[in-house]
Amino acid sequence: VIYLGMMTLFATAIITRYYFKSYSLFKQMKKINGLREEVKIVLERYERVKKQREEVDALLEKNEDFILPEYLERLRSQMHLSYTAESTTTSPRDEIYQETSINAKFTNMNMRELTEFLQELEKNRLVYTKDLDIIKSKTRPGTLDVSITIATLKKATRTETEAGA
């Protein structure tokens, strides 16, 4: 009887240890699978960013002579608009790119002019809108005063990168 009781106790201890160890391993497996999913998401994001960077590099290489103020002036002339360039800034974006931006103020635009202007900006992949403020004109009813900041990227040269650092 004592022998049978000892065997039962020993078997119960082994089974209990097995289930506790299995449960611990199961929890670790779930944690590892969760981390694996996170790594997969990060790698997918990295591949998307890498592809976008390659596309941007190719676009910038193809349009090395693009100058934002000249583009804005051409667009303004073509659309018969008037604006005031409040500021033009060039600053390092990161170690690879520098950003040139223009803050321009358009007064007394109608909705059609604004829409067409924004559509033209959207067509040019070299230019992006950073900020847009639209308010009713105080001087001419039925028109808008628009403040817009548009920007573009250029490849940073080594000296520009070092100067920004």
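*Asks:* Sorry, what's going on with the packing of helix 2 (residues 68-79) against helix 3 (residues 111-123) here?
*Replies:* Two quantities define a packed helix pair, namely the angle between the axes and the distance from one axis to the other. Between helix 2 and helix 3, the least distance of the axes is 11 Å, while the angle of their chain directions is 140°. Considering the angle they form, helix 2 stands oblique to helix 3. Between helix 2 and helix 3 lies a crossing whose hand is right-handed. Two secondary-structure elements touch here, helix 2 through Tyr-71, Leu-72, Leu-75, Gln-78 and Met-79 and helix 3 through Glu-113, Glu-116, Phe-117, Glu-120 and Leu-121.

*Asks:* Looking at this structure, I do not really get the layout of surface pockets. What am I missing?
*Replies:* Summary: where empty space remains is shown by rolling a probe the size of a single water molecule over the atoms. Taken as a whole, the largest pocket spans an internal volume of roughly 210 Å³. Lining the largest pocket, in full, are Gln-52, Glu-55, Val-56, Leu-59, Leu-60, Arg-125, Leu-126, Tyr-128, Thr-152 and Leu-153. Elements represented by at least two residues in the lining of the largest pocket include exactly helix 1 (2-62) and strand 4 (144-155). Among the elements that make up the lining of the largest pocket, the one with the highest residue count is helix 1 (5 residues). Here the lining of the largest pocket is composed, by residue class, of 6 nonpolar, 2 polar and 2 charged.

*Asks:* Even after reading the chapter, I still don't get unusual backbone geometry, so can you show me in this structure?
*Replies:* Peptide bonds are, in most cases, trans, and in most cases residues other than glycine have a negative phi. Positive phi, close to 60°, is recorded for His-80, a residue that is not glycine. You can see His-80 is positioned in the loop between helix 2 and strand 1 (83-92). Positive phi, normally seen in glycine, also occurs at Asn-108, with a value near 55°. Take Asn-108: it is sitting in strand 2 (residues 97-109).

*Asks:* So what exactly am I meant to see when it comes to the pairing of strand 1 here?
*Replies:* Consecutive side chains of a regular strand alternate in pointing toward one face of the sheet and then the other. As defined by bridge partners, strand 1 adjoins strand 2 across 9 bridges and the pair is classed as antiparallel. Within strand 2, the residue paired with Tyr-83 across the bridge is Phe-106. Between strand 1 and strand 2, which pair antiparallel and follow one another directly, the connecting turn spans 4 residues.

*Asks:* Help me understand helix 3 in this model?
*Replies:* With 13 residues, helix 3 ought to run about 18 Å at 1.5 Å a step, and its terminal C-alpha atoms sit 18 Å apart, in line with that. Along helix 3, the residues that are buried comprise Glu-113, Leu-114, Phe-117 and Leu-121. Take helix 3 and look down its axis: the buried residues cluster within an arc of 100°, on one side only. Those residues of helix 3 that are exposed and angled more than 90 degrees off the buried face are Met-111, Arg-112, Glu-122 and Lys-123. Looking at the packing, one finds that the buried side of helix 3 touches helix 2, strand 2, strand 3 (127-136) and strand 4. Among the residues of helix 3, the N-terminal cap falls to Asn-110, whose side-chain oxygen and the backbone nitrogen of Arg-112 are separated by 3.1 Å.

The rules behind these values
Residues numbered from 1 in each chain as written. Predicted model: local features only at pLDDT ≥ 70, side-chain atom pairs only at ≥ 80, totals over all residues. Heavy atoms only, no water. Axes fitted to C-alpha atoms, helices over the stretch in contact; angles between N-to-C directions. Helix = DSSP H or I, 4+ residues; strand = E, 2+ residues; numbered from the N terminus. Parallel < 35°, antiparallel > 145°, perpendicular 65-115°, else oblique. Left-handed = near helix turned anticlockwise from the far one by under 90°. Contact = heavy atoms within 4.5 Å. 1 Å grid on protein atoms, 1.4 Å probe; cavity = no way out; pocket = protein on both sides within 12 Å on 5 of 7 lines; lining within 4 Å. Points joined across faces, edges and corners; volume = space filled by probe spheres on them. Nonpolar A, V, L, I, M, F, W, Y, C, P; charged D, E, K, R; others polar. Pairing = 2+ DSSP bridges. Expected span 1.5 Å × (residues − 1). Buried < 20%, exposed > 50% of the residue type's maximum accessible area, 1.4 Å probe, protein only. Arc of directions from axis to C-beta. Polar contact = N/O pair within 3.5 Å; in protein donor to acceptor, adjacent residues only side chain to side chain.

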